[in-house]
Amino acid sequence: MGYKRIVIAGFSLGGNVLLKYLGEKAHLFPAEITHVPSLFPFPATLLPVRQTGPPEKLYLPAAVYDQTEKKVRQKPSMMKLAGDPEKLKNFRMFDNAITAPIHGFADADDYYTQSSCKQFIPGIRIPTLLVNAQNDPFLTPACFPEEEARNSRYFYMETPHDGGHVGFYTPGKANIYWSELRALHFTEETMS
């Protein structure tokens, strides 16, 4: 590869995928990948998520559009699984009707259970930081893997009060996000 060290980060659903992979398939990671800072897993992967509220009014229409207009059109046979997208009122309904069947899961609960990174956190073997704001509009307190963080020498978790889902901007500093600075500092602090 030509690199001595690689630091990778994931955000939202990508954060969950990365954490899951780190814990489940750590033996497949190249030795050059030494740190994974600043992850913000999408809430459905940490369960239980908030079932209703402002995030769904904002994000659900976009998710429905993305799945039905792009992915479902690529697989016309899947359209019958989606039903009427206008009737999908929350993420669980959306995941039951669209996400789960399109990706081979029995239902939303099966999707959440199999895809959750939380169960794989104990297998993480490189310094990894999870950052999730306490005011993340998607999450309930039960989502935070506090016990996993307490019991791991590699997995760290920080829960600042503010930041929303992935909105950790730095007041007064254009184009500089607190989360990016924290990721850099975490890497420097834990690099041996």
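Values in this document were obtained by computation on a predicted structure and should not be read as measured data.

Draft legend 1. Broad picture of helix α1 (residues 13-24). Between its terminal C-alpha atoms α1 stretches 16 Å, which fits the 16 Å expected from 12 residues at 1.5 Å a residue. Taken together, the buried positions of α1 are occupied by G15, N16, L18, L19, K20, L22 and G23.

Draft legend 2. Representation of the pairing of strand β4 (residues 128-131) within the structure. Here β4 shows a buried face lined by T128 and L130 and a second buried face lined by L129 and V131. Sheet topology places β4 next to strand β5 (residues 155-158); 4 bridges connect them, and they run parallel. Across the sheet, residue V131 finds its bridge partner in β5, namely E158.

Draft legend 3. Just helix α5 (residues 108-115), in detail. Where α5 is concerned, the buried positions are A108, Y111, Y112 and S115. Around the axis of α5, the buried residues are gathered within 95° of arc, so they sit on the same side. Against the buried residues of α5 lie α1 and α4 (91-102).

Draft legend 4. Representation of the confidence of the model for the protein chain within the structure. Residues of the protein chain with pLDDT of at least 70 account for 72%, and the chain-wide mean is 75. Averaged over each element, pLDDT in the protein chain is lowest for helix α3 (residues 79-82) (52) and highest for helix α6 (residues 146-150) (92).

Draft legend 5. The pattern of salt bridges, seen in detail. For the coordinates displayed, the defined rule picks out 4 salt bridges. A salt bridge links D109 to R92, with the nearest nitrogen and oxygen atoms 2.5 Å apart. A residue pair is termed long-range when its members are at least 10 positions apart, and D109 in helix α5 and R92 in helix α4 qualify at 17 residues. A relative accessible area of 42% means that D109 is categorised as partly exposed. Overall, R92 belongs to the partly exposed group, its relative accessible area being 25%. For R182, the salt bridge is made with E189, and the minimal N-O distance between the two is 3.3 Å. One salt-bridge network, in which partners are shared between bridges, spans E158, R182 and E189.

Draft legend 6. Summary view of the packing of aromatic side chains. Per the stated rule, a full pass over the model turns up 3 aromatic pairs. Here Y111 and Y112 contribute two aromatic rings whose centre-to-centre distance is 5.5 Å and whose plane-to-plane angle is 45°, an arrangement assigned as tilted. Take Y111 and Y112: they sit in the same class, and that class is buried. Seen in terms of ring centroids, Y156 and F186 are 5.5 Å apart; in terms of plane orientation they differ by 70°. Their pairing is edge-to-face.

Rules used throughout
- Residues numbered from 1 in each chain as written.
- Predicted model: local features only at pLDDT ≥ 70, side-chain atom pairs only at ≥ 80, totals over all residues.
- Heavy atoms only, no water.
- Helix = DSSP H or I, 4+ residues; strand = E, 2+ residues; numbered from the N terminus.
- Expected span 1.5 Å × (residues − 1).
- Buried < 20%, exposed > 50% of the residue type's maximum accessible area, 1.4 Å probe, protein only.
- Pairing = 2+ DSSP bridges.
- Arc of directions from axis to C-beta.
- Contact = heavy atoms within 4.5 Å.
- pLDDT = per-residue confidence, 0-100.
- Salt bridge = Lys/Arg side-chain N within 4 Å of Asp/Glu carboxyl O.
- Phe/Tyr/Trp six-rings, centres within 6.5 Å; stacked < 30°, edge-to-face > 60°.

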